[in-house]
Amino acid sequence: MNGNSSTAGKPIRCKAAICRKAGDRLVIEEVIVAPPSRHELRIKIICTALCQSDVIFSKLVDPPAIYPRILGHEAIGVVESVGEDVTGVKPGDTVIPTFMSDCGDCADCHSEKSNLCSTLPFNITPYMPREDKTRFTDLNGNPLYHLFYISSFSEYTVVDKNYFVKIDPSFPPDRACLLSCGVATGVGAAWRTAEVEPGTTVAVFGLGTIGLAAAEGARLCGAKRIIGVDVNPDKFEMGKKFGLTDFVNPKTCGDKSVSEVILEMTNGGADYCFECVGMASLVEEAFACCRHGWGKTVVLGVDKPGTPLKFSSTDVLRGHKILTGALYGGLKAKRDVPILCKRYLDKVQYLTFPFGL
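About the cut-offs
The numbering scheme is per chain: residues are counted from 1 as the chain's sequence reads. With the structure being a predicted model, the display of local features is reserved for residues of pLDDT at least 70 and the display and counting of side-chain atom pairs for 80 or more, all residues being used for whole-chain, interface and lining totals. Side-chain numbers come from the whole structure's heavy atoms, not from hydrogens or water. UniProt positions are given in the numbering used here, feature names are shortened, and annotations may be inferred rather than shown by experiment. Secondary structure elements follow DSSP: runs of H or I of four or more residues count as helices, runs of E of two or more count as strands, with numbering from the N terminus. Any two residues whose heavy atoms approach within 4.5 Å are treated as being in contact. For this text, the term disulfide refers to a pair of cysteine sulfurs within 2.5 Å. With a 1.4 Å probe rolled over the protein chains alone, any residue whose accessible area is under 20% of its type maximum counts as buried; one over 50% counts as exposed, and the rest are partly exposed. For two strands to be treated as a pair, DSSP must find at least two bridges joining them. To obtain an axis, a line is fitted to C-alpha atoms, over the contacting stretch when the element is a helix, and the angle between two such axes runs from 0 to 180 degrees between their N-to-C directions. Geometric relationships in this document are graded by angle, where less than 35 degrees denotes roughly parallel, more than 145 denotes roughly antiparallel, 65 to 115 denotes roughly perpendicular, and other angles denote oblique. The handedness criterion is simple: a crossing whose near helix is rotated anticlockwise from the far helix by less than a right angle is left-handed, and one whose near helix is rotated clockwise is right-handed. Under the convention adopted here, Pro, Cys and the residues Ala, Val, Leu, Ile, Met, Phe, Trp and Tyr are nonpolar, Asp, Glu, Lys and Arg are charged, and Gly plus all remaining residues are polar.

For the protein, the name recorded in an unreviewed UniProt entry is Alcohol dehydrogenase-like 7, with Linum tenue as its organism. Regarding the protein, the UniProt comment filed under Cofactor (unreviewed entry) reads as follows: "Zn(2+)".

A closer look at the environment of Pro305
Structurally, Pro305 is set in the loop between strand 15 (296-299) and helix 9 (313-319). Between the C-alpha atom of Pro305 and that of Pro64, which follows or precedes it by 241 residues, the distance is 8.4 Å. The contacts of Pro305, once residues within four sequence positions are left out, are Leu60 and Pro64.

With respect to the UniProt feature "domain: Alcohol dehydrogenase-like C-terminal" (unreviewed entry) in the protein
Feature annotation in UniProt assigns "domain: Alcohol dehydrogenase-like C-terminal" (unreviewed entry) to the following positions: residues 210-334. In the segment residues 210-334, helix accounts for 36% and strand for 16%; the C-alpha atoms at its two ends are 20 Å apart.

Remarks on the state of the cysteines
A complete count under the given rule lists zero disulfides for this structure. A disulfide-free cysteine, Cys177 has its sulfur positioned 4.0 Å from the sulfur of Cys47, the nearest such atom. Residue Cys181 stays outside any disulfide, its sulfur separated by 4.0 Å from that of Cys51, the closest cysteine. Given a relative accessible area of 6%, Cys181 falls into the buried group.

Some words on the UniProt feature "domain: Alcohol dehydrogenase-like N-terminal" (unreviewed entry) in the protein
Cross-referencing UniProt, the feature "domain: Alcohol dehydrogenase-like N-terminal" (unreviewed entry) maps to residues 38-168 in the present numbering. Span residues 38-168 is 9% helix and 27% strand, its end C-alpha atoms 25 Å apart.

A few points about the sheet that holds strand 15
Sheet strands pair by backbone hydrogen bonding; their relative direction is either parallel or antiparallel. The six strands lie next to each other as 13-12-11-14-15-16, forming an open sheet whose pairing is parallel. Bordering the open sheet on either side are strand 13 (246-248) and strand 16 (322-325), each of which pairs with just one other strand. Neighbour-to-neighbour, the strand axes of the sheet open up by a mean angle of 20°, direction not taken into account. Taken together, the three bridges between strand 12 (residues 225-229) and strand 13 define a ladder with parallel strand orientation.

Describing the packing of helix 4 (residues 182-193) against helix 5 (residues 209-220)
At a minimum axis separation of 7 Å, helix 4 and helix 5 run at an interaxial angle of 40°. Put simply, helix 4 runs oblique to helix 5. As for how helix 4 packs across helix 5, the hand of that crossing is right-handed. On the side of helix 4, the interface is formed by Gly182, Val183, Thr185, Gly186, Val187 and Ala190, while helix 5 contributes Thr209, Ile210, Ala213, Ala214, Gly217 and Ala218. Looking at the contact of helix 4 with helix 5 residue by residue, the classes come out as seven nonpolar, five polar and no charged.

As for helix 4
Because the α-helix completes a turn every 3.6 residues, residues three or four places apart line up on one side. Among the 12 residues in helix 4, 11 count as buried, and that is most of the element. Of the positions making up helix 4, those classed as buried are Gly182, Ala184, Thr185, Gly186, Val187, Gly188, Ala189, Ala190, Trp191, Arg192 and Thr193. Summarising the contacts, the buried residues of helix 4 are in contact with strand 5 (74-82), helix 5, strand 14 (272-275), strand 15, strand 16 and helix 10 (333-345). Just downstream of helix 4, Glu195 is the residue with a positive phi angle, here 55°.

Examining the side chain of Ser53
Secondary-structure assignment places Ser53 in helix 1 (residues 52-59). Judged by relative accessible area, Ser53 falls into the buried class, the value being 9%. The residues touching Ser53, leaving out its near neighbours within four places in the chain, are His73, Phe148 and Val302.

Below you can see the structure in the form of structure tokens.
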């Protein structure tokens, strides 16, 4: 065990925000955080953000709901100690935990076509990725469950060695934590999954963190026209800072659907559409206004598990359009997050092809 001599290899008592029941407010309690086992590191969280996915999982009643749970998965921290077989990081290093594994060894991690690690596939489990155990207990010894392998609403947490990225400690913490999920997902979807080309038209459904990041990613890739869709008209002014050129409010479309409005605006549809809310109806609208022949729709929003989508098989066959999901925007964390960090610190204004430094 390598780490702070006073705490390495020992349980740490600290505070955490716990969700004990669906829909209840989080409660601040003292918890026990176990030392890292083999392949793991323990992190002191220095900044964490709230993602819409945390809100969704705090309200779930049906599986994969489980309580009590420590939520949170957008964070930055400092390594407190490391377990056996952990390389490339040491106590004191600044890291971003991620919810997608990046082992670097499996077929998926070696492929440019996938960021879905096959060694430790993404799964909504309340435990650590390598074993069905939790690293958190309350003061009575009862287990507290994990979320997305991170659980950053705790002063300390334990993550697997495949689920973190070491970053420059000078990166502002309140911005760096967003690279754990929201900003990385949006920018990555435009950059890696859609591979937005210069001069193209993009439509973004939902202008929260992920949607604004998708707009920014499209701008960085050189998109000429970026249409934002949201029921809050104030989002347009904010969105202009992230590249929005046009705005559609579904509440003011009259008897037309959003997809019909965008089809008219673009003379045939957007080249790329991003659904960033997590609503089946918006996925269908995005796909409907994606251009025939080469349009691509990327789903980023988290809907209720098991929600069905409805499409006409004839439209799918004849449209020659692509519909795809993109966990973490398609980013390979250990390769791509350092690129985004460097470009932010260097104030680089564009992401160029090929997608490297």
